[in-house]
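Residue-level listing of the chains:
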Amino acid sequence: MEEQKRENKEELQQETAEEKNSGHGNSSTRSSLLWIFAGGYLVYTGYRLCASVISGAEDSGVVFLAAGGIFVVIGAVLLIMAIRNLAKAGAQKHELEEAAAKKAAEEVSQNPETVAKKKMSIAERAHLAENLDDAPEEKDEK
């Protein structure tokens, strides 16, 4: 009984750790998307300022041309950094999934008896029950 409680506690700790990691990934993705929108807006605003100076609008001057150039540069830097952050996050997520798959494969290959004896959680049992309806029926032909 104590062993089962300990195993359940370990599973709960693993699930909470995975939730924390996935929440961090979502926050990183959200901030990167915000950076993309901000960078795009700065590039657009800088382009419009520079275009108005070049076309010779009445109220435009050299200061607007300089501000437009600065906006374009800052916006481009934000875009590049956000895209790099998204790419890094995707690569890290992929590496973590591969490491988890390798670890699970090693556990199965090293101790097939303990994996077979491992107690399943209620959610895992429910997922198994869902798949029973889709399984083809076996017929004995004699």
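Throughout, a residue's number is its position along its own chain's written sequence, starting from 1. Reporting of local features is limited, given that this is a predicted model, to residues whose pLDDT is at least 70; pairs of side-chain atoms are given and counted only at 80 or more, and all residues count toward the totals for whole chains, interfaces and linings. Values shown for side chains rest on all heavy atoms present in the structure; no hydrogens or waters enter the calculation.

Colleague: When you look at the overall build of the protein in this model, what are you seeing that I'm missing?
Modeller: By the criteria applied, helices consist of DSSP H or I runs no shorter than four residues and strands consist of E runs no shorter than two, each listed in order from the N terminus. Check the secondary structure of the protein and you find four helices and zero strands. For the protein, the α and β elements follow one another from N to C terminus as α-α-α-α. Taking all 142 residues of the protein together, the buried fraction comes to 6%. For this analysis, residues touch if any pair of their heavy atoms sits within 4.5 Å. The long-range fraction of contacts in the protein, counting pairs at least 24 apart against all pairs at least 6 apart in sequence, stands at 69%. Areas reported as accessible are Shrake-Rupley estimates using a 1.4 Å probe. Residue values count occlusion only from the protein chains shown. Split by element, the accessible area of the protein, about 12,300 Å² in all, is 59% carbon and sulfur. Only protein chains enter the calculation, and the probe is 1.4 Å; a residue is then buried if its accessible area is under 20% of its type maximum, exposed if over 50%, and partly exposed in between.

Colleague: How should the environment of G69 be read in this particular structure?
Modeller: Of note, G69 is situated in helix α2 (residues 62-110). As for G69 and C50, which are separated by 19 residues in sequence, their C-alpha atoms are 7.1 Å apart.

Colleague: Would you mind showing me how to read the UniProt feature "transmembrane region" (unreviewed entry) in the protein here?
Modeller: UniProt positions are given in the numbering used here, feature names are shortened, and annotations may be inferred rather than shown by experiment. As recorded in UniProt, the sites labelled "transmembrane region" (unreviewed entry) are residues 33-55 and 61-83. As annotated, residues 33-55 comprises 100% helix and 0% strand, and the C-alpha atoms at either end are separated by 33 Å. For residues 61-83, the helix share is 96%, the strand share is 0%, and the end-to-end C-alpha distance is 33 Å.

Colleague: What should I look at first to understand the environment of I74 in this one?
Modeller: The topology assignment puts I74 in helix α2. Under the relative-accessibility criterion, I74 is labelled partly exposed at 42%. Distance from I74 to G46, taken between C-alpha atoms, is 9.5 Å for residues 28 residues apart in sequence.

Colleague: Would you take a moment to explain α2 for this structure?
Modeller: What sets the pattern is the α-helix's 3.6 residues per turn: residues three or four places apart point alike. Expected helix span is computed as 1.5 Å times (number of residues minus one). If you check α2, its first and last C-alpha atoms are 72 Å apart, about what 49 residues at 1.5 Å a residue would give, namely 72 Å. Those residues of α2 that sit buried are G68, G75 and A82.

Colleague: What am I meant to see in a nonpolar patch on the surface here?
Modeller: For patch detection, residues must exceed 30% relative accessible area and be free of salt bridges, and they are connected within 9 Å for like charges or within 5 Å for nonpolar side chains (Val, Leu, Ile, Met, Phe, Trp, Tyr). For this document, the term salt bridge refers to a Lys or Arg side-chain nitrogen within 4 Å of an Asp or Glu carboxyl oxygen. The grouping of L34, W35, V73, V77 and M81 at the surface amounts to a nonpolar patch, some 450 Å² of accessible area in total. With three residues, α2 is the single largest residue contributor to the nonpolar patch.

Colleague: Sorry if this is basic, but what is going on with the side chain of S32 here?
Modeller: With respect to the helices and strands, S32 occurs in helix α1 (residues 2-55). Setting aside its immediate chain neighbours within four residues, S32 contacts A82, N85 and L86.

Colleague: Before we go on, may I ask you to explain the confidence of the model for the protein in this structure?
Modeller: Do not read the fine detail of predicted coordinates wherever pLDDT is low. pLDDT expresses, on a scale from 0 to 100, how confident the predictor is about each individual residue. On average, residues of the protein score 78 in pLDDT, and 68% of them reach the 70 mark or higher. Per-element confidence in the protein ranges from a low mean pLDDT of 58 for helix α3 (residues 112-117) to a high of 88 for α2.

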